[in-house]
Amino acid sequence: MLIKTNTYVILAALVSGLPCASAWGQQYPTKPIRMIVGFPPGGSNDIVARNLAPKLGELLGVQVIVENRAGANATIAADLTAKSAPDGYTVMLGSTSSLVISPHTYSKLSYDTLRDFAPVTTVAMTPEAVAVHPALPVNDLKGLIALAKQHPGKLDFASSGNGGLPHLAIELLKTQANINLQHVPFKGAAPAVTDLMGGHVQGMIMDFPAIYPQLKSGKLRGLALAAEKRIAQMPELPTSVEQGMPGLLAVNWFAIIAPAKTSPAVVTRLHTTLMKAMAGQDLKDRLTAVGVEIFTQNSPDAFGAFLKDELVRWGKVAKSSGARAD
């Protein structure tokens, strides 16, 4: 009886000396958080991160620092995030390309989306846009398809890199329209846009925010959004569905993930704070102004289920198109 009593006393002392998970979640954060972005400045991932970080930092009471680690369709950034300490002080602004497309377009990856990350929530989304140089004599998808069939393999279409969402969207367009476009990968959206404006390539498919200023100014001509509905910033730009191509759907979503084994209390704290941030009218207005819509998940578990579905969906597209990143 004495042994049992002493055991209870020892256990009680040990338990009382450890902060519970909820207490840890309440204490977090106590220092700056870095938000890794896998693409260079100027692209939609960077745009979302730099709009989100100040608001998230304000609500958490610490600075959230955006850190660009560009390269290989954000797989370098994803690897860095997966290998970071699971303490909540390193998160990644991930997106469709790195989390659900790269696993199907790279022969070898150092991370597994479902195994190596703690999903928090999606935060926003934006459609891919089909655009061409103003000198190209086409005004819609029908005209582009006709021109491509007249000159098979002669039209160069740019993307922000091999194996990413814009690349897969180009392959989807080629398959849906039965045309042959020459894919030209760039290291990010900004250099691709620059070369298209300079006439070095004839067209591109890219996240809408990355080319919205050029579409608005007339430096590029928009042909379609690869989406089901038009966007408020450019209501005159028709969708692929409206132009008789319901299969050409490519929407990029952005999400916050943390390293696997991050405390559930910290993940919950991040999720709760992000939901509050995305519900704020100020952040919503800033993102809407550049063509990005709020898109969140009810819980980290819901985001995990969403990731599984997206992996299956884009895996089918990658397999059918044969698109590779390496």
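For clarity, every value in this text was computed on a predicted model and none was experimentally measured.

Calculation criteria
- Throughout, residues of each chain are indexed from 1 in the direction in which the sequence is written.
- Reporting in this predicted model follows two pLDDT cut-offs: at least 70 for local features of residues, and 80 or more for side-chain atom pairs to be given and counted; totals over whole chains, interfaces and linings ignore these cut-offs and use all residues.
- The side-chain figures draw on all heavy atoms in the structure; neither hydrogens nor water molecules are used.
- A run of H or I in DSSP becomes a helix once it reaches four residues, and a run of E becomes a strand once it reaches two; helices and strands are each numbered from the N terminus.
- With a 1.4 Å probe rolled over the protein chains alone, any residue whose accessible area is under 20% of its type maximum counts as buried; one over 50% counts as exposed, and the rest are partly exposed.
- Any two strands between which DSSP finds at least two bridges are classified as paired.
- Crossovers are marked right-handed if the path from the first strand over the helix to the second runs clockwise, as seen with the strands pointing away from the viewer.
- Throughout, an axis means a line fitted to C-alpha atoms (over the contacting stretch in the case of helices), and angles, computed between N-to-C directions, take values from 0 to 180 degrees.
- An angle below 35 degrees is read as roughly parallel, one above 145 as roughly antiparallel, one from 65 to 115 as roughly perpendicular, and any other as oblique.
- Each helix crossing is assigned a hand: it is left-handed if the near helix lies turned anticlockwise from the far helix by less than a right angle, otherwise right-handed if that turn is clockwise.
- By definition in these notes, contact holds between two residues if any of their heavy atoms fall within 4.5 Å.
- Residues are grouped as follows: Ala, Val, Leu, Ile, Met, Phe, Trp, Tyr, Cys and Pro are nonpolar; Asp, Glu, Lys and Arg are charged; every other residue, Gly included, is polar.
- Nonpolar core, defined: a set of buried Ala, Val, Leu, Ile, Met, Phe, Trp, Tyr and Cys residues in which side-chain atoms within 4.5 Å join the residues together.
- One speaks of a salt bridge when a side-chain nitrogen belonging to Lys or Arg is within 4 Å of a carboxyl oxygen belonging to Asp or Glu.
- Two aromatic rings from Phe, Tyr or Trp, using only the six-membered ring of Trp, form a pair when their centres are within 6.5 Å; if the ring planes differ by under 30 degrees the pair is stacked, by over 60 it is edge-to-face, and anything between is tilted.
- We call a charge positioned above a ring when the Lys NZ or Arg CZ atom is no farther than 6 Å from the ring centre and deviates by at most 35 degrees from the ring normal.

### Remarks on the environment of Ala190
Then, in step 1: Position of Ala190 relative to the elements: it lies in helix α9 (residues 189-197).
Then, in step 2: The class for Ala190 is partly exposed, based on a relative accessible area of 38%.
Then, in step 3: Expressed as a C-alpha distance, the spacing of Ala190 and Gly43, which sit 147 residues apart in the sequence, is 6.7 Å.

### Looking at the pairing of strand β6 (residues 182-185)
Then, in step 1: Across 4 bridges, the pairing between strand β5 (residues 156-159) and β6 is parallel. From the neighbouring strand, Asp156 faces β6, where its bridge partner is Gln182.
Then, in step 2: For the crossover that starts at β5, traverses helix α8 (residues 165-177) and ends in the parallel β6, the hand is right-handed.

### What about the packing of helix α3 (residues 44-60) against helix α11 (residues 264-279)?
Then, in step 1: Packing of α3 against α11 brings their axes to within 10 Å, and their N-to-C directions diverge by 120°. Comparing their axes, α11 and α3 come out oblique. Considering only the axes of α3 and α11, their crossing is right-handed. Contacts between α3 and α11 pair Leu52, Lys55, Leu56, Leu59 and Leu60 from the former with Arg269, Leu270, Thr273, Leu274, Lys276, Ala277 and Met278 from the latter.
Then, in step 2: Across the contact of α3 with α11, the residue classes tally to 8 nonpolar, 1 polar and 3 charged.

### Description of the side chain of Ser159
Then, in step 1: Tracing the backbone through its elements, the reader meets Ser159 in strand β5.
Then, in step 2: When near neighbours in sequence (up to four residues on either side) are disregarded, Ser159 contacts Pro166, His167, Ile170, His183, Val184, Pro185, Phe186, Ala192, Ile205 and Met206.

### Examining the nonpolar core
Then, in step 1: Residues Val100, Leu144, Phe157, Leu173, Trp253 and Trp314 are the most contacted members of the largest nonpolar core, which totals 49 residues.
Then, in step 2: Of all the secondary structure elements, the ones that give two or more residues to this core are α4 (75-82), α5 (96-105), β4 (117-132), α7 (141-150), α8, β8 (221-225), β9 (251-259) and α13 (300-321).
Then, in step 3: The residues touching Val100, leaving out its near neighbours within four places in the chain, are Trp253, Leu307, Glu310, Leu311 and Trp314.

### Overview of the pattern of salt bridges
Then, in step 1: Evaluation of the coordinates by the stated rule reveals 11 salt bridges.
Then, in step 2: Between Glu293 and Lys229 there is a salt bridge, and its shortest N-O distance comes to 3.7 Å. You can see Glu293 sitting in strand β10 (residues 293-294) and its partner Lys229 sitting in the loop between β8 and β9, a full 64 residues away along the chain.
Then, in step 3: For Glu293, a relative accessible area of 29% translates into the label partly exposed.
Then, in step 4: A relative accessible area of 55% places Lys229 in the exposed class.
Then, in step 5: Three or more residues are tied together by salt bridges with common partners; here these are Arg34, Glu67 and Arg69.

### Side note on the packing of α8 against α13
Then, in step 1: It is the contact of α8 with α13, at a shortest axis distance of 10 Å, that shows an interaxial angle of 60°. Overall, the two elements α8 and α13 adopt an arrangement that is oblique. Of the two elements, α8 crosses α13, and the hand of that crossing is left-handed. Here Leu165, Leu168, Glu171 and Leu172 of α8 lie close against α13, whose contacting residues are Trp314, Val317, Ala318 and Ser321.
Then, in step 2: Counted by class, the contact of α8 with α13 contains 6 nonpolar, 1 polar and 1 charged residues.

### A word on helix α10 (residues 208-217)
Then, in step 1: Judged by how many residues are buried, α10 sits mostly within the fold: 7 of 10 residues are covered.
Then, in step 2: Those residues of α10 that fall on the buried side of the exposure criterion are Phe208, Pro209, Ala210, Ile211, Tyr212, Gln214 and Leu215.
Then, in step 3: Looking at the packing, one finds that the buried side of α10 touches α3, β4, α9, β7 (203-207) and β8.
Then, in step 4: Gly218, located one to two residues past α10, shows a positive phi value of around 90°.

### Description of unusual backbone geometry
In terms of backbone geometry, most residues other than glycine have negative phi values and most peptide bonds are trans.
Then, in step 1: At the junction of Tyr28 and Pro29, the peptide bond is cis and its omega measures out at 0° in the coordinates.
Then, in step 2: Note on placement: Pro29 falls in the loop between α2 (21-27) and β1 (33-37).
Then, in step 3: Not every positive phi belongs to a glycine, and Ala74 is a case in point at roughly 70°.
Then, in step 4: Residue position: Ala74 is located in the loop between β2 (64-68) and α4.

### As for the packing of aromatic side chains
Then, in step 1: Across all of its chains, the model carries 7 aromatic pairs by this definition.
Then, in step 2: Measuring from ring centre to ring centre gives 5.6 Å for Tyr111 and Phe117, while their planes differ by 65°; the resulting arrangement is edge-to-face.
Then, in step 3: The class of Phe117 is buried, set by a relative accessible area of 6%.
Then, in step 4: Taken together, Trp253, Phe295, Phe303 and Phe306 form an aromatic cluster joined through their ring pairs.
Then, in step 5: Sitting above the plane of the Tyr89 ring, Lys31 keeps its charged end 4.7 Å from the centroid.

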